[in-house]
Structures are given as C-alpha cells and as structure tokens.
Amino acid sequence: MDQVLVLQVQKGDKRAFDLLVLKYQHKIVALVNRFVKDPVAAQDVAQEAFIRAYRALVNFRGESAFYTWLYRIAVNTAKNYLVAKSRRPPATDLDADEAELLFQEQGLTEQATPENMLIRDQSHQQLMAALDGLSPPLREAITLREMDGMSYEAIAEMMETPIGTVRSRIHRAREMIVRQLQQQEDQYAKAAP
Amino acid sequence: MQKQPPEEQLSALMDGELSAADLDQLLNEIEQRPALREQWSNHHRARHLLFEQGEPAPQSNQLADRVSATLAQQPTILAPGLPLREPSDATTLKPDIDEPAMDTPATVASARKIRPWIPMALAASLASVSFLLLQQQWQPSPYVVAGREAVAATEWVEVEGAWVERWINPLDRQERARSYLVRHDEQRTVARQRGSLVSTAPSLEGFAEPTAEVKRVVGWRLGWLPEGFREVETLRHQIPLSGGEVTHRILSNGDAVFSIFIEHSSQKGVDERQMDGKRQPVNLYSYFALGHRITVLGEVPMEMVKKVAHSVEAESG
C-alpha cells in the first residue's frame, strides 16, 4: 500500500516521504517508547529513525512491506540509543516480526490492568460510536475497506455501485469519523480535572 | 471524466487506490494546501486508534514537521536503477523496480545526443583520441528533471573486454559532492574578496580568452572562462572517498565563485546536481577524463558550470 509513495521518494520527491512520516509517526513513537521508556527521548529517537530510513530508502527494494522495514530501523535506532546511554538494550537481536510478537505479548500483559482495560473499552466504544454515526452505505463501505481489507473494485461489486461512489463514500465516512473522534476528545479534555 | 477532489484522492491514497499520475498532482495540491496534509495525518490517526486498536496518540505533527525540516537540509535521495521520469498517463503505478535497471551500451549510445565538441588540445595522441571517443558517451544522463537536486548517473566499466553502463551508488556520489561543497564554501568569502578587483555579473555571453595566469595549473588548463572571472587561489586538499589529493582551483569575479577540483580517479561517469550552498544554490558538474575526475561547482547557472568544466584540457607540453 505504501509502494506508490516509496517509489515517488526513490524518484527524488521528499514530499512523498513526509506523507509516510505522517502516516507512521504515532506507531513508530509508540514502538520506540517501549524501548527507551521516555516519551521525550522517544520523539528524538523516532526522528533519527525516520532520517535513517530516508537515507537508506535508496536501497529499499520492496522485498518486505515498507512498515516492516521501517520498524526494523526504528528498533535498531532505539537499541543504539540505549547503548549510547549505557543502558542495556534487549538481550535478543529482535527482528521486526519477533519484536511485534514480543510487544503484543507485553501489551496483552499490560492491558490486563484495570486502567488499560478501561482505555481499551473506551477505544472500542469510540469505534462503535463512530460507526453508528454513519449512514448505512457509508458504514458498509468503510467497514468492508478497513475491517475486511477489500479493494475498491471488490467493494463496488459487492455494493453494486460505481467505483467512484465507493471512493467517495469511504472518504466521507473517514471525514465523519475524524470529526466524531475530535468531538469526543474535546469532551474528554473538558471533563478532565 | 470529472476530476476527483484532492480530499478523495488522499483517502484513495490511504488505501493504495491512487494512480502514480494522480499522486504527483496530489503532492502539488498538498504543498499548496496544508489542510490536506492535516487531513492525511488525522485520517491515519483515526485508523490507528479505531481500526488498528493502536495506542492513543496526540493530535500533533510535531515529529513529522521536525523530520521534514531536517530533510529539507539534506540531499535528495535517488534510487539506482529507477529512471527519473515524469509520471505518464493516468495508469496505476507498476513496480518500476522490476524494470531493467540499465540499458545496453548500444541502446544508450543511440538514445543519447552525442556531444559534437571535442577539445582540440586532447587530439594530440592516439590514446587521447580513443579516450575522447569514449568520453562522448559519458554525457549527462537524459533523465534530468528540472528542480530536483539529484540526477540519475551512470558509470561505464569494462567487463570482459566490453564497456557496460551501470548505475552509480547515489549515496557515494552525494557524499563526494558534499565534500566538494564544503571546500567550496570554506573558500567562498575570501575568494569573493580577492576576485572583487573585477566585478561583472556572470553571463553566458561573451566568454573571454583566459589569461596566462589562469591557464597553467598542474598539467591542466582552462580553455575559457566567463568574462570577468579570474583565478584567486589554488589549494590542495584530501577529499574523503577519493582517497587521494585533489587540486582545488578557485575563480571569482568578486560576486560569484567557481571551484574546480581535479583529482586522480578511476570512477567514470557524469554527475550533475544542484545543492544547497551556504547562501544560495550551488550547481555541480563532474566528469571523468584521462584518469582524472574534473568537478566544477559554483553559484552560477548549470550551463556555465558545464562550459567551464568542459573547457578543462590536459596540457600537452
């Protein structure tokens, strides 16, 4: 899915890399923070990881997904940071897939706390509320896309509608979801002590 | 067919449903309208939180802004094997990686415009003539795109008696170009002061015959220079990657400054790029001749840099 942007970067267009950074910034910061356990340092390490990724992108051949490749760079950058800070990095030399598994397990353990269970429930409720707020055609289109991973063509066939309509419905659904999410966050912010 | 609004194009790009041709247009739109960049970020944040069950993340693009600002100061990358070309028709992007990374020499030779001019001074020996015939093929890649910093470049290497063209690792080339730029910038202020005896704005018109002072430098000479320019200094440096000593000639008219680097080298091929100098963009042109790499850079038009570079001739006597 990132291939079109990666190729654009490889052809010398930095603007395409900006979109990749915007897309993955939150995931990479969260990943790095699991290593460095310092939100401020995580921002710096994540920045360094993206810069390294940009410099190395010239050699990226698409043998793995872009995110898997980026993930590996971020993990290595975080480990280098820990070594430079004279802190012990994880004993095993994790590759992206192993790290993903490990963090999922850690995440499951962490999520067992009441606080994290609450956050998880809130996220689920947010999703349900966001989907409930959509008209049936929009809800169906975005669900088929985001949850079932179907292509626009397949969705068009299933919904018996032109592909342009599918594209438009998915876009409108996203707009409404973002708007709802922002409203909810504003409410949480106001309610917070 | 009705044009798809950029907001919808962004959404399609999220799903890998946007063509390469539309991507180029969309990137232009995003550059003009920062709200589109915000939209891209917000949609991914929502996807991360709601559909991927990711951790809550702040609504901030501070990190992306920092990365973008840092990269703006760095050379543009360019993948070897990817021909630089503008997106063609509105078709979905095919993986260019699978396309052949290099042309055969015969194809390249026929596809390229052969430079008609050959420096007369180098026609003295058969070896030189042979070399120059080959040199005609080492002209800039046709894949030059205006406004981009890096230019696809190749080198010719001999493999089992046949000359073949291959892509040069752009990171090496960038590193070398950066080294030249550092040396050039170091000398720039002094060079301008020394060159200020003559102050004529650089022009492509009216190239003057060089003075005797300018002509004679370590076995090489300049065929001509832009009017008003004079040599202000000749230095020797160690340049990273080249591993050897490089002669650095500095020329100025009191306003613009040229640097000419000449070094022993076995790396063939042409490099042509624009870089960010300390004060303004610096054009660089570099080519291989008679076992040497000749590199010219300066805050002047690329055409002028190339003319100076190709005026460098080996001294026969």
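These numbers come from a predicted model, not from an experiment.

A. Highlighting the overall build of chain A. A tally of regular secondary structure across chain A gives 9 helices and 0 strands. Each helix and strand of chain A, ordered N terminal to C terminal, gives the series α-α-α-α-α-α-α-α-α. Within chain A, residue pairs in contact and separated by at least 24 positions form 53% of the contacts whose partners lie at least 6 positions apart. On chain A, roughly 9,900 Å² of surface is accessible, and the fraction owed to carbon and sulfur atoms is 52%.

B. Highlighting the overall build of chain B. Helix and strand content of chain B: 9 helices and 10 strands. Within chain B, counting contacts between residues at least 6 apart in sequence, those at least 24 apart form 59% of the total. Accessible surface, chain B as shown: approximately 14,800 Å² in total, 52% of it carbon and sulfur.

C. Here's a closer look at the interface of chain B and chain A. The interface is formed by 67 residues belonging to chain B together with 62 residues belonging to chain A. A combined buried area of about 6,200 Å² lies between chain B and chain A, and 60% of that area is made up of carbon and sulfur atoms. Connecting chain B to chain A are 6 salt bridges. Residue D15(B) is joined to R174(A) by a salt bridge in which the shortest nitrogen-to-oxygen separation is 2.6 Å. Inspection of the chain B/chain A interface yields 20 residue pairs in polar contact (both at pLDDT 80 or more). Elements supplying a minimum of two residues to the side of chain B that touches chain A: α1 (6-14), α2 (20-32), α3 (34-51), α4 (62-72) and α7 (170-195) of chain B. Broken down by element, the residue count for the side of chain B that touches chain A peaks at 14 residues, all from α3(B).

D. Seen up close, helix α3 (residues 39-56) of chain A. Here α3(A) spans 25 Å end to end across 18 residues, near enough to the 26 Å set by a 1.5 Å rise per residue. Along α3(A), the residues that are buried comprise A41(A), A42(A), V45(A), A46(A), Q47(A), A49(A), F50(A), I51(A), A53(A) and Y54(A). Where α3(A) is buried, its residues meet α1 (3-10), α2 (14-36) and α4 (66-84) of chain A together with α4 of chain B. The opening residue of α3(A), the one whose side-chain oxygen lies 3.1 Å from the backbone nitrogen of V40(A), is D38(A).

E. Representation of the pattern of salt bridges. Counting across every chain of the model gives 15 salt bridges over all chains. One salt bridge connects E146(A) with R47(B), and the closest N-O pair in it is separated by 3.0 Å. Here the residue E146(A) occupies a position in helix α7 (residues 136-146), and R47(B) occupies one in helix α3, the pair thus bridging two chains. No difference in accessibility class separates E146(A) from R47(B), as the two residues are buried.

F. Looking closely at the sheet that holds strand β4 (residues 230-238) of chain B. All names here are of chain B. Overall, antiparallel pairing links the 6 strands, which are arranged β4-β5-β6-β9-β8-β7 in an open sheet. The two strands at the open ends of the sheet, each matched to only one other strand, are β4 and β7 (271-276). Within the sheet, the average angular offset between the axes of one strand and its neighbour, ignoring direction, is 20 degrees. Looking at chain direction, β7 and strand β8 (residues 281-289) are connected through 6 bridges and run antiparallel. In the sheet register, D276 faces β8, and the bridge partner there is P281. Helix-sheet contacts for helix α9 (residues 302-311) involve β6 (257-264), β7, β8 and β9 (292-298), and the interaxial angle to β8 is about 30 degrees.

G. Region of the structure containing the packing of α7(A) against helix α8 (residues 152-159) of chain A. Residues and elements named next belong to chain A. For the pair α7 and α8, the least separation of the axes is 10 Å and the interaxial angle reads 140 degrees. The pairing of α7 with α8 is recorded here as oblique in orientation. Where α7 crosses over α8, the handedness of that crossing is right-handed. Counted together, P137, E140, A141, L144 and R145 of α7 and Y152, I155, M158 and M159 of α8 form the full contact between these two elements. Class assignment for the residues of the contact of α7 with α8 results in 7 nonpolar, no polar and 2 charged.

H. How the structure looks around the confidence of the model for chain B. All names here are of chain B. Across chain B, the average pLDDT comes to 65, with 52% of residues at or above 70. Across chain B, α1 holds the top mean pLDDT of 92, while helix α5 (residues 105-111) sits lowest at 31. Note on residues 83-154: pLDDT is under 50 here. Beyond four places in sequence and across chains, it has 142 contacts. A low-confidence stretch, residues 197-218 stays under pLDDT 50, and its non-local contacts, those more than four residues away or across chains, total 52 contacts.

I. Representation of the packing of aromatic side chains within the structure. Within the structure shown, the criterion is met by 9 aromatic pairs over all chains. Judged by centre distance (6.0 Å) and plane angle (40 degrees), the ring pair of Y285(B) and Y287(B) falls under tilted. For Y285(B), a relative accessible area of 0% gives the class buried. Within the aromatic cluster, the residues linked to one another by ring pairs are Y24(A), F60(A), F66(A), Y67(A), W69(A) and Y71(A). Directly above the ring of Y67(A) sits K27(A), whose terminal nitrogen or CZ lies 4.5 Å from the centroid.

Parameters and conventions
- Residues numbered from 1 in each chain as written.
- Chains lettered and ligands numbered in written order.
- Predicted model: local features only at pLDDT ≥ 70, side-chain atom pairs only at ≥ 80, totals over all residues.
- Heavy atoms only, no water.
- Helix = DSSP H or I, 4+ residues; strand = E, 2+ residues; numbered from the N terminus.
- Contact = heavy atoms within 4.5 Å.
- Areas by Shrake-Rupley, 256 points an atom, 1.4 Å probe, with all protein chains shown as cover.
- Buried area = accessible area lost by both parts, 1.4 Å probe.
- Salt bridge = Lys/Arg side-chain N within 4 Å of Asp/Glu carboxyl O.
- Polar contact = N/O pair within 3.5 Å; in protein donor to acceptor, adjacent residues only side chain to side chain.
- Expected span 1.5 Å × (residues − 1).
- Buried < 20%, exposed > 50% of the residue type's maximum accessible area, 1.4 Å probe, protein only.
- Pairing = 2+ DSSP bridges.
- Axes fitted to C-alpha atoms, helices over the stretch in contact; angles between N-to-C directions.
- Parallel < 35°, antiparallel > 145°, perpendicular 65-115°, else oblique.
- Left-handed = near helix turned anticlockwise from the far one by under 90°.
- Nonpolar A, V, L, I, M, F, W, Y, C, P; charged D, E, K, R; others polar.
- pLDDT = per-residue confidence, 0-100.
- Phe/Tyr/Trp six-rings, centres within 6.5 Å; stacked < 30°, edge-to-face > 60°.
- Lys NZ or Arg CZ within 6 Å of the ring centre and 35° of its normal.

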